[in-house]
Amino acid sequence: MSITSEPIDFTDFDTLTTTVAGPVLTPADDGYTAELTGFNLVAAPAAQVVVGATCAEDVAAAVRYARSNGLRVGARATGHGAPIEGRGTVVVTTSRMTSIAVDPVAKTARVGAGVRWRDLAAVTAPHGLTGIVGSSSSVGVVGYHLGGGLSPLGRRFGWAADHVRSIELVTADGIIRTVDPSAGSDLYWAILGGRDGFGIVTAIEFDLFELPTVYGGGIFFAGSAAADVLHAWREWAPTLPEEAGTSVAILRLPPDPNLPAPLQGRLAVHVRYTHTGDPATAAALLAPMRSAGPVLLENIDVLPTAALDAVHMDPPGPMPSAERGALLGEFPASAVDALLEVAGPQVTSPLTIVEVRLMGGALSQPQRVPNAVAGRHGAYNLIAIGVPAGPLGDQVGTHLAAVTRSVAPWSTGALLNFCGLDAAGRAELWTPEQRMRLDTIRRRHDPSGVLRADDPNIVG
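Residues numbered from 1 in each chain as written. Predicted model: local features only at pLDDT ≥ 70, side-chain atom pairs only at ≥ 80, totals over all residues. Heavy atoms only, no water.

Chemist: Hey, could you run me through the pairing of strand β15 (residues 267-275) in this one?
Modeler: Consecutive side chains along a regular strand alternate between the two faces of the sheet. The buried fraction of β15 is high, at eight of nine residues. Strand direction decides the pairing type here: strand β13 (residues 213-222) and β15, joined by eight bridges, are antiparallel. Among the inter-strand pairings, Phe221 is bridged to a residue of β15, identified as Val269. With nine bridges joining them, strand β14 (residues 244-252) and β15 adopt antiparallel strand pairing. Along β15, the bridge assignment pairs Thr246 with Tyr273. (Buried < 20%, exposed > 50% of the residue type's maximum accessible area, 1.4 Å probe, protein only. Helix = DSSP H or I, 4+ residues; strand = E, 2+ residues; numbered from the N terminus. Pairing = 2+ DSSP bridges.)

So this is what it looks like as structure tokens:
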């Protein structure tokens, strides 16, 4: 572990404003709300001070100011997670930290905390390279890696966190540090997979892979065929090789004119598919699913890996959302039936998506380097998302709970980036031994609780 700075704490607000290169805002300032607002609009954020960091030194200054004034510190980049709330908090926004350095020979990238996948793809694609990209190009690269990083490419390449080479972060003492696995750093182990409460990450370096294109996309079936499609998928998906990834999702689509006409205002079942090998082989493997039900639309082709998020069709802009997830040890016919009872076509539901994703393959293999990523034992991952707005908005929580309760007999925990749980619930994601080690490391590096370990966005 290397240390970049040995700072001195300070209490004066004017010193903070003159030390930080980016904006420093309070609730009375213009731009305060805009600075805090992220992708998830589910609640109005609040903070005593917001620091728009432009570099690691800005982050360190914000942490030192918070320490000396008895305040806690949270951070956000893209704001895809739950909003940061609560007075008595300094919030560091890292969206301005967008540096990208790609080494096409070494096949590595180093990115700042504000970089989104779409930003990185624009730089790596001309070299035919990609990171272990997520299914949404608007998600921040750093937070995605630190929560594990479950990719549509994961069955071939494993967890994104397993390919991280080094992490630059500001710890609770206001010091800029760089950690990597070579010295057996406890911070490196904990923050990769533990994510919350160990520091504010300002940059990471990780491996890239030669993969200019993938064969992928999806088949949209009529929602009335949900039972037939889900049962067909659960029999077909486990037969796929590691080169292939797939999920099946029940979608309640809005009457949005930006959607293809056959999907507007429809209930659909979306079989999502990616394959990193030969397109002809990939198409042959998918063939059995094409007859699972009436097809509304199919959009499967050879895609640039940079366009992989087209497979999952994530919302293009900010929206309010709430989610819950569950890791499943198996997905038998009885689990399909239980899920359909609470989320199928006969249910009037505010949930926009209920997805089951096949795991296994390289995702189940041991870490390349030691880290705290949980969930390697899972066979499937379930995620349900609802919009807490509109006529049924107040029912989202009830329906999310019903979905996770329906699969409880097959549940083996959850994944950190998908669980949607509070701090108490997230603690159950790790084994007792892992949880004890995470807590010990957190207390060692932040004995005063400066970092908001209860905040899912503490590392951006």
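On we go.
Chemist: Is there a simple way to explain the environment of Thr239 in this structure?
Modeler: Summarising the element assignment, Thr239 is placed in the loop between α8 (226-236) and β14. Measuring from C-alpha to C-alpha, the distance between Thr239 and Leu285 comes to 9.1 Å, with 46 residues separating the pair along the chain. Engagement of the side chain of Thr239 in a polar contact is seen with the backbone oxygen of Trp236, the distance being 2.5 Å. (Polar contact = N/O pair within 3.5 Å; in protein donor to acceptor, adjacent residues only side chain to side chain.)

Chemist: What exactly am I supposed to notice about helix α7 (residues 186-194) here?
Modeler: Burial analysis of α7 places nine of its nine residues in the buried class, which makes it a mostly covered element. Within α7 the residues assigned to the buried category are Asp186, Leu187, Tyr188, Trp189, Ala190, Ile191, Leu192, Gly193 and Gly194. Structurally, α7 contributes buried residues whose contacts are with α5 (141-146), β9 (164-170), β10 (176-179), β11 (200-207) and α13 (432-445). Arg195 occupies a position one or two residues after α7 and carries a positive phi of about 65 degrees. (Contact = heavy atoms within 4.5 Å.)

Chemist: Hey, could you run me through the sheet that holds strand β17 (residues 322-328) in this one?
Modeler: In sheet architecture, strand pairing relies on hydrogen bonds along the backbone and comes in two forms, parallel and antiparallel. Here seven strands make up an open sheet; going across it, the order is β16-β13-β15-β14-β18-β19-β17 and the pairing antiparallel. Sheet topology places β16 (295-304) and β17 at the edges, where each strand pairs with a single neighbour. Strand after strand, the sheet turns through a mean of 15 degrees between neighbouring axes, direction not considered. (Axes fitted to C-alpha atoms, helices over the stretch in contact; angles between N-to-C directions.)

Chemist: What exactly am I supposed to notice about unusual backbone geometry here?
Modeler: Backbone phi values are negative for most residues with the exception of glycine, while trans is the configuration of most peptide bonds. One non-glycine residue with positive phi stands out, namely Lys107, at about 60 degrees. By the secondary structure assignment, Lys107 is in the loop between β6 (100-103) and β7 (108-112).

Chemist: Is there a simple way to explain the environment of Glu330 in this structure?
Modeler: Tracing the chain through its elements places Glu330 in the loop between β17 and α10 (333-343). For Glu330, a relative accessible area of 45% translates into the label partly exposed. With 51 residues separating them in the primary sequence, Glu330 and Asn381 have C-alpha atoms 9.8 Å apart. Glu330 has contacts with Ala379, Tyr380 and Trp410, leaving out every residue within four places of it along the chain.

Chemist: In this structure, what is going on with the packing of aromatic side chains? I would like to understand it.
Modeler: Centre-to-centre distance and the angle between the planes together describe a pair of aromatic rings. If you walk through the whole model with that rule in mind, you get nine aromatic pairs. Ring centres of Trp233 and Phe331 lie 6.3 Å apart, and the angle between their planes is 70 degrees; on these two criteria the pair is classed as edge-to-face. Residue Trp233 is found in helix α8, and its partner Phe331 is found in the loop between β17 and α10; the two are separated by 98 residues along the sequence. Of the residues examined, Trp233 reaches a relative accessible area of 0% and is grouped as buried. The buried category is assigned to Phe331, whose relative accessible area is 4%. Three or more aromatic residues link up through ring pairs in this structure, and these residues are Trp117, Tyr144 and Phe206. Cation over ring: Arg437 sits above Trp189, and NZ or CZ is 3.9 Å from the ring centre. (Phe/Tyr/Trp six-rings, centres within 6.5 Å; stacked < 30°, edge-to-face > 60°. Lys NZ or Arg CZ within 6 Å of the ring centre and 35° of its normal.)

Chemist: Help me understand the nonpolar core, please; the structure alone is not making it clear to me.
Modeler: Side chains of nonpolar character tend, in soluble globular proteins, to be buried together. If you look at the biggest cluster of nonpolar residues, it comprises 55 residues, and the most contacted ones within it are Val111, Ile167, Val201, Ile204 and Phe206. Residue assignment for this core shows that the elements contributing at least two residues are β7, α4 (117-124), α5, β9, α7, β11 and α13. Among the elements that line this core, the one with the most residues is α7, at six residues. Residues in contact with Ile204, not counting those within four places in the same chain, are Ala109, Arg110, Val111, Val141, Val142, His145, Ser166 and Ile167. (Core = buried A, V, L, I, M, F, W, Y, C linked by side-chain atoms within 4.5 Å.)

Chemist: Please explain the packing of α8 against α10 as it appears in this structure.
Modeler: Packed helix pairs are specified by the crossing angle of their axes together with the interaxial distance, meaning the distance between the axes. Between α8 and α10, whose axes approach to 10 Å, the crossing angle comes to 150 degrees. One finds that α8 runs roughly antiparallel with respect to α10. Here the hand of the crossing between α8 and α10 comes out right-handed. Of α10, the residues touching α8 (which contributes Ala226, Ala227, Leu230, His231 and Arg234) are Ala333, Val336, Asp337, Leu339 and Leu340. Of the residues assigned to the contact of α8 with α10, the class counts are seven nonpolar, one polar and two charged. (Parallel < 35°, antiparallel > 145°, perpendicular 65-115°, else oblique. Left-handed = near helix turned anticlockwise from the far one by under 90°. Nonpolar A, V, L, I, M, F, W, Y, C, P; charged D, E, K, R; others polar.)

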